[in-house]
Amino acid sequence: MNMKQEDIIKPENCVYRKPSLLTDENMHYCPGCSHGVVHKLIAEIIEEMGMEDKTVGVSPVGCAVFAYNYIDIDWIQAAHGRAPSVATALKRLNPENLIFTYQGDGDLAAIGTCETIHAANRGENIAIIFINNAIYGMTGGQMAPTTLLGMKTSTTPYGRRADLNGHPLVMAPLMAQLDGTCYVTRQSVHTPAAVRKAKAAIRKAFENSMAGKGTSMVEIVSTCNSGWKLTPAQSNEWLVENMFKKYPLGDLKNE
Amino acid sequence: MESDIRLMKGNEALAHAMIRYGADGYFGYPITPQSEVLETLEAEMPWESTGMVVLQAESEVAAVNMVYAGAGAGKAVCTSSSSPGMSLMQEGISFIAAAELPALLINCMRGGPGLGTIQPSQADYFQATKGGGHGDYRLITLAPSSVQEMCDFVALGWDLAFKYRTPAMILADGTVGQMMEKVILPEPRRRRTEEELREQCPWAVTGKKNRKRNIITSLELNAPAMEVINNNLQAKYKRIEENEVRCEALNTEDCEYLIVAFGSMARICEKAMELARKQGLNVGLLRPITLWPFPAKAIEQAARKAKGILVVELSAGQMIEDVKLAVNCQVDTRHYGRMGGMIPTPDEILGVLKEMFVK
Ligand SMILES: Cc1ncc(C[n+]2csc(CCOP(=O)(O)OP(=O)(O)O)c2C)c(N)n1
Ligand code: SF4
Ligand SMILES: [Mg+2]
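The model shown is predicted, which means the values in this text are computed figures rather than measured ones.

(A) Seen up close, the overall build of chain B. A tally of regular secondary structure across chain B gives 15 helices and 15 strands. Since a compact globule built from 359 residues should have a radius of gyration of about 21 Å, the 21 Å found for chain B is in line with a globular shape. Overall, chain B is about 70 × 50 × 45 Å in size when its C-alpha atoms are taken along their principal axes. Looking at chain B as a whole, 58% of its 359 residues qualify as buried. Counting only contacts in chain B whose residues sit at least 6 apart along the sequence, the fraction spanning at least 24 positions is 78%. Carbon and sulfur atoms make up 50% of the accessible area of chain B, which amounts to about 14,600 Å² in all.

Written out as structure tokens, the structure reads:
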């Protein structure tokens, strides 16, 4: 099909556009990083749900600390690991709001494990978006609780060893066995098909929290190409070959 | 209307005062000697009457971050604890101050350091008035010396916190928390409506309906911009220092000996002062009510003719540093303190004063 330039830019021929809730701010994320894709999904979902006037996002300490620069909603930035406590109070004080946290693995599964588990165990009506890239991206690639055995990071320069560094912490099953959670799923954003599934999962998590069903957690098994010292394409391959073995995709709980 | 007079503990008065203030939320974790605050709130069930949220958090760390969030939503929120729990909250308090949020914090001090003791102490003076957490911030610090003041300072603390968008702390000692006294409870006020809150706190994160989005953060990586933020904070603290100093002065005009004490110690020192005056000693008492901003001018004035100042604290000597600064070390200023939960008697204090200055 040979379309002319003038036809292509006609509004009726638009097949895709930037979500209206994504701001024009330049994203600070490294090219190829999963964070940017997940941000776009969240912006699309809030817009599609018509919740832009009622949503408050909780940004973490980690590479996503500046999430508030990119999605045009109210935001509050939480201390490292405390996003679930922040979300708890926001939702309890304003139940009509849609409240979600956006947290990395260090934030959610190391310094904030206690807050994560207790918020979920209380069944707070919040959605937790968990970006598991198996590394501390922001601080320069140190070991995370989810770092795989053998994986090299700046604090495990010869690879993570169970005897020295302990085992990778697998959060999703832990969260799924809590009575307060209604939905726990693992997704990824490394292919267009995966992105579509991840979007549906995040939307379900948001809907659950508005329906008062309890806590939902969507783990996105992610890449950190800078921290992993791989190209974006190599990172996606490494993700499939290594990360998915320890963190297989799919629903762990869907009530 | 007849006033509502009750006999209760200081900690119970705090809880009743919160509900009557029209508080939106309380988040706490049990610790002696302040657990009655959460216990009283749970027993009163204000969520049924006023809609106030009460939540037992999993830790003081969680509790203070819940307060950070509630304050970020423009709500009147509070947490209370005692010394070890307060130490855990310091990062969160720094965040609340940095993000310029109004919150009420209560420390019912016990003896330390470490796990220490559940007996009363005033050894968290430095922590409350000199920062405690990281960075250049200040806490409006109110020191109640009676159950009535425990009750009244809830409203005062929140009013100041909202006026200046800054955290205020009630720094009580275990004695004031645990002792029972007569208290006149204030008239109940209703909680602010959603509309009132949006009008009073246009900066709050409540969803961006009919306005541009709000962002609550304390992060700024651009150094010149961060310096401006710091300077603005300091300017606000200066305004508070100029306008919000509170203290009580008893017999300080032309006094020969000045006692400076706060909280429950001021009550005991008042008795010591009375004993001294019966013996013909011209002793005055100055009780700082705001520990920050500190009543330095009032102390300097009260000590103009004094031969000596005795600072009495349940600590190894913390407030004495501010008293010395207040008089620019021009007056002989000594400290008497008990620690570990020990409390001095009026006779003991008078004896010390005589031995130090009169002889
Ligand atoms: C109390 C505290 N401790 C440590 C830090 C430093 N810090 C900032 S980000 C970070 C790790 C973040 O890693 P993760 O949560 O996995 O997020 P990512 O950057 O990988 O997305 C750490 C340790 C901090 N800001 N605050
Ligand atoms: S360091 Fe890693 S997680 Fe952070 S932006 Fe870069 S790729 Fe993404
Ligand atoms: Mg990470």
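There's plenty left to go through after this.
(B) Here's a closer look at the overall build of chain A. In terms of regular secondary structure, chain A is built from 10 helices and 9 strands. Each principal axis of the C-alpha distribution contributes one length, and for chain A these read about 65 × 45 × 30 Å. Within the span of chain A, comprising 255 residues, buried residues form 55% of the whole. Put simply, 67% of the contacts in chain A that link residues at least 6 apart link residues at least 24 apart. Positive and negative charge centroids in chain A, built from 24 and 25 side chains respectively, lie 6 Å apart.

(C) How the structure looks around the interface of chain A and chain B. Across the contact, 36 residues belong to chain A and 35 residues belong to chain B. A buried area of about 2,800 Å², summed over both sides, lies between chain A and chain B, and 60% of it is on carbon and sulfur atoms. Contact with chain B buries surface across chain A, with A:Asp53, A:Asp74 and A:Leu93 losing the most and accounting together for 22% of the total. Run the count over chain A and chain B and you get 4 salt bridges.

(D) Structural view of the pairing of strand S1 (residues 55–59) of chain A. Residue and element names in this part refer to chain A. Here S1 lies mainly inside the structure; 5 of its 5 residues are buried. Judged by which residues are buried, S1 turns out to be covered on both faces: Thr55, Gly57 and Ser59 on one side and Val56 and Val58 on the other are all buried. Looking at chain direction, S1 and strand S3 (residues 98–104) are connected through 4 bridges and run parallel. Along S3, the bridge assignment pairs valine 58 with threonine 101. Bridging between S1 and strand S2 (residues 74–77) involves 4 bridges; their strand directions are parallel. Looking across to S2, one finds that valine 56 is bridged to aspartate 74.

(E) Focus on the coordination of the magnesium ion (ligand 3). Residues and elements named next belong to chain A. Distances from the magnesium ion (ligand 3) to its protein donors, Asp105 (OD), Asn133 (OD1) and Ile135 (O), fall at 2.1 to 2.6 Å. The sequence pattern formed by the donor residues of the magnesium ion (ligand 3) is D-x27-N-x1-I. Remark: asparagine 133 occurs in the loop between strand S4 (127–132) and strand S5 (135–136) and aspartate 105 occurs in helix H4 (residues 105–111); sequence separation between them is 28 residues. Its relative accessible area of 0% is what places aspartate 105 among the buried residues. Its relative accessible area of 7% is what places asparagine 133 among the buried residues.

(F) Molecular detail of the site of ligand 2. The environment of ligand 2 is formed by A:Tyr29, A:Cys30, A:Cys33, A:His35, A:Cys63, A:Asn133, A:Gly137, A:Cys224, A:Asn225 and A:Ser226. Among the residues forming the shell around ligand 2, the class breakdown is 5 nonpolar, 5 polar and no charged.

(G) The side chain of B:Arg20, seen in detail. In this structure, B:Arg20 sits in helix H1 (residues 10–21). B:Arg20 gets classed as buried once you look at its relative accessible area, which sits at 13%.

(H) Looking closely at the domain arrangement of chain B. Residues and elements named next belong to chain B. Domain annotation of chain B identifies domain 1 (4–199) and domain 2 (249–357). Its salt-bridge partner being aspartate 322, residue lysine 130 comes within 2.7 Å of it at the nearest N-O pair. At the surface where domain 1 touches domain 2, the tally comes to 15 residue pairs in polar contact (both at pLDDT 80 or more). Where the side of domain 1 that touches domain 2 is concerned, the elements lending two or more residues are helix H7 (125–129), strand S6 (140–142), helix H8 (147–164), strand S7 (168–173) and helix H9 (174–178). Partitioned by chemical class, the residues of the side of domain 1 that touches domain 2 number 14 nonpolar, 9 polar and 6 charged.

(I) Highlighting the packing of helix H4 (residues 60–72) of chain B against helix H6 (residues 90–98) of chain B. Residue and element names in this part refer to chain B. Interhelical geometry of H4 versus H6 gives an angle of 10° and a closest axis separation of 8 Å. In terms of orientation, H4 lies roughly parallel with respect to H6. Residues Val64, Val67 and Tyr68 of H4 pack against Gly92, Ile93, Phe95 and Ile96 of H6. Tallied by class, residues from the contact of H4 with H6 come to 6 nonpolar, 1 polar and no charged.

(J) Seen up close, the site of ligand 1. Residue and element names in this part refer to chain A. Surrounding ligand 1, one finds 17 residues, the nearest of these being Cys63, Asp105, Asp107, Gly137 and Met138. Between ligand 1 and glycine 106, the relevant distance is 2.9 Å, taken from an oxygen atom to a main-chain nitrogen or oxygen of the residue. The separation between an oxygen atom of ligand 1 and a polar main-chain atom of aspartate 107 is 2.8 Å. Relative to its unbound accessible surface of 590 Å², ligand 1 loses 76% to contact with the protein. Put simply, the parts of the chain that give the shell around ligand 1 at least two residues each are H4 and S5. Looking at the shell around ligand 1, the element that brings in the most residues is H4, giving 4 residues.

(K) Summary view of the pattern of salt bridges. Per the stated rule, a full pass over the model turns up 38 salt bridges over all chains. In this structure, B:Arg267 and B:Glu181 form a salt bridge, with 2.4 Å as the shortest nitrogen-oxygen distance. Placement of the pair is B:Arg267 in helix H12 (residues 263–278) and B:Glu181 in strand S8 (residues 180–185), with a sequence separation of 86 residues. Two residues, B:Glu274 and B:Lys271, come together in a salt bridge whose shortest N-O distance is 4.0 Å. Placement of both B:Glu274 and B:Lys271 in helix H12 is noted, with a separation of 3 residues, approximately one turn of the helix. One network of salt bridges, with partners in common, ties together A:Lys40, A:Glu44, A:Glu48, A:Lys199, A:Arg203 and A:Glu207.

The rules behind these values
- Residues numbered from 1 in each chain as written.
- Chains lettered and ligands numbered in written order.
- Predicted model: local features only at pLDDT ≥ 70, side-chain atom pairs only at ≥ 80, totals over all residues.
- Heavy atoms only, no water.
- Helix = DSSP H or I, 4+ residues; strand = E, 2+ residues; numbered from the N terminus.
- Rg over C-alpha atoms; globule rule 2.2 N^0.38 Å.
- Buried < 20%, exposed > 50% of the residue type's maximum accessible area, 1.4 Å probe, protein only.
- Contact = heavy atoms within 4.5 Å.
- Areas by Shrake-Rupley, 256 points an atom, 1.4 Å probe, with all protein chains shown as cover.
- Lys, Arg positive; Asp, Glu negative; His and termini not counted.
- Charge placed at Lys NZ, Arg CZ, Asp CG, Glu CD.
- Buried area = accessible area lost by both parts, 1.4 Å probe.
- Salt bridge = Lys/Arg side-chain N within 4 Å of Asp/Glu carboxyl O.
- Pairing = 2+ DSSP bridges.
- Donors = N, O, S within 2.8 Å, 3.2 Å for Na, K, Ca; no water.
- Near = heavy atom within 4 Å.
- Nonpolar A, V, L, I, M, F, W, Y, C, P; charged D, E, K, R; others polar.
- Domains from an automatic or database assignment.
- Polar contact = N/O pair within 3.5 Å; in protein donor to acceptor, adjacent residues only side chain to side chain.
- Axes fitted to C-alpha atoms, helices over the stretch in contact; angles between N-to-C directions.
- Parallel < 35°, antiparallel > 145°, perpendicular 65-115°, else oblique.

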